[in-house]
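Analysis of the macromolecular model
Listed below are the residues making up each chain.
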Amino acid sequence: MSNHKTRLSEFQAKATLRGRVDLVGPLLKSLPAQLAGAILAVDGGHALPGFKADFSIGDGDSHPPGLEANLDISLPRDKDASDLTHALELIPQSVEEVHLHGFWGARLDHQMMNQGSLFHFLQTSKARVSIHTLGKDQLLAFPAGTHTLNIESVFSLWSLQLAYFTRQGACA
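Read on for a plain summary of the structure. (Residues numbered from 1 in each chain as written. Predicted model: local features only at pLDDT ≥ 70, side-chain atom pairs only at ≥ 80, totals over all residues. Heavy atoms only, no water.)

Leu23, Leu40, Val98 and Val129 are the most contacted members of the largest nonpolar core, which totals 29 residues. Residue assignment for this core shows that the elements contributing at least two residues are α1 (3-18), β1 (20-24), β2 (38-42), β3 (55-58), α2 (83-88), β5 (97-101), α3 (108-122) and β6 (128-132). When sequence neighbours within four positions are dropped, the list of residues in contact with Leu23 reads Leu40, Val42, Leu84, Ala87, Leu88, Ile91, Val98, His99, Leu100, His101 and Phe103. The next biggest cluster of nonpolar side chains, apart from the first, holds seven residues, and it includes Val24, Leu28, Leu48 and Phe51. (Core = buried A, V, L, I, M, F, W, Y, C linked by side-chain atoms within 4.5 Å. Buried < 20%, exposed > 50% of the residue type's maximum accessible area, 1.4 Å probe, protein only. Helix = DSSP H or I, 4+ residues; strand = E, 2+ residues; numbered from the N terminus. Contact = heavy atoms within 4.5 Å.)

Printed below as a string of structure tokens:
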């Protein structure tokens, strides 16, 4: 088995064991303290100083100039799906939590593409997705089903398809 296939198997085993995957994207400037899952670096997220992901994938277009991409899976730059879409396809079905760091907060067209990738991912996954923005905001995305949230601050709800929401408790 080739080295990247071995590393992929190890990443997927760790993801299954922990039930969580943290994807580190190209917009992240420093590592967050809350990385608790198997770590999958996507393109430029692999280039953070002193950072070693469990696995990495991307086309190398968001790496700093002069730094070799050295990714486990090198994707072609001319493709029909984003690096994030390809990364999400590597996540085992057993994973219950997916956290995205460094994917949200820059170009609107990339954010919209990321929404599409997550929408597609949630059609076949049971994982809850937390999108950590470059600020302190957090966006949550859920697969089909019933979900309970305990939110004690201002929040917004929206859906990309027909959904029913029930709220309880004091809401302003």
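Here we come to the pattern of salt bridges. With the rule as written, the count across this model stands at six salt bridges. Between Asp72 and Arg7 there is a salt bridge; the shortest N-O distance is 2.7 Å. Highlighted residues: Asp72 in the loop between β3 and β4 (73-74) and Arg7 in helix α1, separated in sequence by 65 residues. With respect to class, Asp72 is no different from Arg7; both count as buried. We note a salt bridge from Lys79 to Asp59, for which the minimum N-O separation is 2.5 Å. One end of the pair, Lys79, is in the loop between β4 and α2; the other, Asp59, is in the loop between β3 and β4, with 20 residues separating them in the sequence. Take Lys79: its relative accessible area is 22%, and that puts it in the partly exposed class. (Salt bridge = Lys/Arg side-chain N within 4 Å of Asp/Glu carboxyl O.)

In short, the description is geometric, and any link to function would need to be established separately.
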